[in-house]
Amino acid sequence: MKLTIHRGTNQIGGCVTEIESGGYRIFIDFGEQLPGTEIKELKPIDGLTCGDVSKSALFITHYHGDHIGKICDTVADLPIYVGKTALEIFNCLESRLSYIPDPNESDKHKRIVERIKTINTFEQLQKIRIGEITVTPLFIDHSAFAAYMFIVEADNKRILHTGDFRGHGFRSKGLIPTLKSYAKNIDYIISEGSNIQRPNATIQTEQELQKDFELQFRNNKYNFVLVSSTNIDRIFALYHASKNAKRCFVCDSYQTNILKIVSENHKQFTSFYNIDYDQKTTPAGRFFDLKRQGRNPFSFNGKLKSYLDKYGFCMLIRSNDSFKQLIDEYAKSNDSKVYYSKWNGYLDSKKPAFNESLYNFLKPYEIEYKHTSGHADLETLKTVFETVKPKGGIIPIHTEAPEKFQELFHEQATIIPLHDGDVFDVK
Ligand SMILES: [Zn+2]
Ligand SMILES: [Zn+2]
């Protein structure tokens, strides 16, 4: 068995991992580099972007663009595998993006929508065989819903690829039990380390954040939250926070469709994903799917406006001009608040990922920052390594500081720092 990280040994985003055994090869993730990072073009990769793909397949850990964004650069016949709910959400997102005004951008997303039609889906723990390689997905918690770790087995070796994950989300309590049950006898763990230099990124759990939001919604009547439309657990938490604070919950039809996918596929497992979309009897958690009239900005009209004015609301927004009129209308009131619930690096002009249009969108308002990271903190990484006890070692990926692994985790296992493109012989 041979292992190559084509990109991602010393950067966050754009990771591509290849595992080859007996002429078969599987790839894990094929995404775009994060905005603002140094461009590292990939050479053509046999079995992924060129050559014969009859003995290869691509597995995607989750739908973030830095893991899935380059799927259109694969050979057209290459089989791609994505989690079932993840693919449905990704399809909604890409379908919306294919209508954005910039023709180059919209074309890119149209091609992705076409490629999605050919993608295979899997459920957790479903074993998928590509020749002599077996891949088993483990459902874990991340800021993308339906994110997976993969166990890759071949040639009597077992590798665990973590993808992106964390220990402080709503579904994180399953992390260690899942690893104890399924990630036994692991030879190597390829682990993300996004937060290795960001100790403050995870000071709050998602549960604590939900409680904070609930308090805010009790104290403020008109609440606008700018949050990623695919940060599913955050959004369900906002719904529950609104309901507990006896406020209405408002989002547009695109967002409603995404939430309904998750409710449909997952409410039988936990009431957290159960929204009573048709409830009309009480303002507490009353759900409004706000329809947009043509290209007009979003607005509350007639009875809806008087109802929302009376009871208050939490409304989800995106940094898009169609939301501006509504925010401007309410921002004048002392009873209103605008929250920013994404990574603050996008608003920091000193960071490479600085997003100027997002910054300008939020500039007129007083912003309350409420967010916690989608990635594991150091304690969680340590616990994972102690649980899995990889016999061969830990291979860092999706991190800006692979050298820190040695300093932090040398007691847990041997650290194997690879460079992009190194071929590692898995013995
Ligand atoms: Zn990532
Ligand atoms: Zn991610």
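Conventions used here
Residues numbered from 1 in each chain as written. Chains lettered and ligands numbered in written order. Predicted model: local features only at pLDDT ≥ 70, side-chain atom pairs only at ≥ 80, totals over all residues. Heavy atoms only, no water. Phe/Tyr/Trp six-rings, centres within 6.5 Å; stacked < 30°, edge-to-face > 60°. Helix = DSSP H or I, 4+ residues; strand = E, 2+ residues; numbered from the N terminus. Buried < 20%, exposed > 50% of the residue type's maximum accessible area, 1.4 Å probe, protein only. Pairing = 2+ DSSP bridges. Domains from an automatic or database assignment. Contact = heavy atoms within 4.5 Å. Buried area = accessible area lost by both parts, 1.4 Å probe. Salt bridge = Lys/Arg side-chain N within 4 Å of Asp/Glu carboxyl O. Polar contact = N/O pair within 3.5 Å; in protein donor to acceptor, adjacent residues only side chain to side chain. Nonpolar A, V, L, I, M, F, W, Y, C, P; charged D, E, K, R; others polar.

Chemist: Just checking my understanding: could you explain the packing of aromatic side chains for this structure?
Modeler: How two aromatic rings sit relative to each other is set out by the distance from centre to centre and by the angle between their planes. Within the structure shown, the criterion is met by 34 aromatic pairs. Measuring from centroid to centroid gives 4.6 Å for Phe 170 and Phe 272, while their planes differ by 40°, and the two rings are tilted. Linking Phe 170 in the loop between strand S10 (157-161) and helix H4 (175-182) with Phe 272 in the loop between helix H7 (253-266) and strand S14 (287-290), this pair joins segments that are 102 residues apart in sequence. Relative accessible area serves as the criterion here: at 12%, Phe 170 is assigned to the buried category. Since its relative accessible area comes to 15%, Phe 272 is described here as buried. Centroid distance Phe 236 to Phe 272: 6.2 Å. Interplanar angle 40°. Geometry classified as tilted. Taken together, the positions of Phe 236 in helix H6 (residues 232-244) and Phe 272 in the loop between H7 and S14 put the pair 36 residues apart, joining distant regions of the chain. Across the pair, exposure class does not vary: Phe 236 and Phe 272 are buried alike. Following the ring pairs from residue to residue traces out a cluster consisting of Phe 59, Tyr 81, Phe 122, Phe 139, Phe 145, Tyr 148, Phe 150, Phe 170, Phe 236, Phe 272 and Tyr 273.

Chemist: What am I meant to see in the pairing of strand S9 (residues 147-154) here?
Modeler: A regular strand places its side chains on the two faces of the sheet in alternate fashion. Within S9, 7 of the 8 residues are buried, which leaves the element mostly enclosed by the surrounding structure. Of the strand pairs in this sheet, strand S8 (residues 133-140) and S9 are connected by 7 bridges, and their pairing is antiparallel. Within the sheet, the bridge partner assigned to Val 135 lies in S9 and is Val 152. Linkage of S8 to S9, two consecutive antiparallel strands, is achieved through a turn of 6 residues, within which Ala 146 is found at a positive phi near 55°. Relative to S10, S9 runs antiparallel, the two sharing 5 bridges. Among the inter-strand pairings, Val 152 is bridged to a residue of S10, identified as Ile 159. Counting the residues between successive antiparallel strands, the hairpin from S9 to S10 contains 2 residues, one of them, Asp 155, with a positive phi of roughly 55°.

Chemist: Looking at this structure, how should I read the domain arrangement of the protein chain?
Modeler: One widely used convention gives an interface's size as the accessible area the parts lose upon coming together. When its domains are assigned, the protein chain resolves into domain 1 (2-198 + 374-425) and domain 2 (206-369). Taken together, the contacts link 21 residues of domain 1 with 22 residues of domain 2. Between domain 1 and domain 2 the total buried area reaches about 1,900 Å² when both faces are included, carbon and sulfur atoms providing 60% of it. Considering only the side of domain 1, the residues that lose the most area to domain 2 are Arg 96, Phe 145 and Phe 170, jointly responsible for 35% of the buried surface there. Inspection of the region where domain 1 meets domain 2 yields 2 salt bridges. Among the salt bridges present, the one from Glu 206 reaches Arg 166, with a minimum N-O distance of 2.9 Å. Between the two partners, domain 1 and domain 2, sit 7 residue pairs in polar contact (both at pLDDT 80 or more). Here the residues of the side of domain 1 that touches domain 2 are counted per class, giving 9 nonpolar, 5 polar and 7 charged.

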